[in-house]
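Architecture and fold: a report
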Amino acid sequence: MHKMLPGTDIVAHPHINSKIHVWKKEYGALSVLLSKSGIGWNSSTSMIEVVDEEVWDSSRQWLEIFGKDRATGESVIDPIDLFQELMRVDLDQAGETGDKYVP
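A brief report on the enclosed structure follows.

Conventions we followed
- Residues numbered from 1 in each chain as written.
- Predicted model: local features only at pLDDT ≥ 70, side-chain atom pairs only at ≥ 80, totals over all residues.
- Heavy atoms only, no water.
- Helix = DSSP H or I, 4+ residues; strand = E, 2+ residues; numbered from the N terminus.
- Buried < 20%, exposed > 50% of the residue type's maximum accessible area, 1.4 Å probe, protein only.
- Contact = heavy atoms within 4.5 Å.
- Areas by Shrake-Rupley, 256 points an atom, 1.4 Å probe, with all protein chains shown as cover.
- Salt bridge = Lys/Arg side-chain N within 4 Å of Asp/Glu carboxyl O.
- Polar contact = N/O pair within 3.5 Å; in protein donor to acceptor, adjacent residues only side chain to side chain.
- Pairing = 2+ DSSP bridges.
- Patch = residues over 30% accessible without salt bridge, like charges linked within 9 Å, V, L, I, M, F, W, Y side chains within 5 Å.

Regarding its fold elements, the protein chain presents three helices and two strands. Secondary structure of the protein chain in N-to-C order comes out as α-β-β-α-α. Counting every position in the protein chain, which comprises 103 residues, the buried fraction comes to 5%. Pairs at least 24 apart in sequence give 0% of the contacts found in the protein chain among residues at least 6 apart. Looking at the protein chain as shown, the accessible area adds up to about 9600 Å², and 60% of this sits on carbon and sulfur atoms.

Time to look at the pattern of salt bridges. Under the criterion given, the structure shown has one salt bridge. Between Glu85 and Arg88 there is a salt bridge, with its nearest N and O atoms 2.7 Å apart. Of this pair, Glu85 and Arg88 both sit in helix α3 (residues 79-97), separated by three residues, roughly a single helical turn. Among the residues examined, Arg88 registers a relative accessible area of 42% and is labelled partly exposed.

Residue position: Asn42 is located in strand β1 (residues 39-42). A distance of 2.6 Å separates the side chain of Asn42 from the side chain of Ser44, its partner in a polar contact. Ignoring any residue separated from it by four or fewer positions in sequence, one finds Asn42 in contact with Met47 and Glu49.

Two elements, β1 and strand β2 (residues 47-50), share four bridges in a ladder whose sense is antiparallel. When the sheet's bridge partners are listed, Ile39 is paired in β2 with Val50.

Bringing a nonpolar patch on the surface into the picture now. A cluster of nonpolar residues, Ile16, Ile20, Val22 and Trp23, forms a patch on the protein surface that exposes about 360 Å² of accessible area. Following the sequence through the fold, Trp23 ends up in helix α1 (residues 12-35).

Structure below.
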């Protein structure tokens, strides 16, 4: 990689391997979708087309069950911050009870 792109800091692992993993997952989802009858690929627009609207009936049922429930990372907590917060709470509680904190 460094011969072809001198000065780059990109390495095969984890950068390229990570991209390949994501592409495989996306391709798997796409191939399952395209294997359904009533769904096809339009080469001129490079888009998936739904020929039969009944294909979406099961999707609507899943939408009712899951809605827009997706992980967004909004409430993510860094493990180090979590550990420090837990340690602070333990120290505060030990101070209230008069116990000495022993890690």
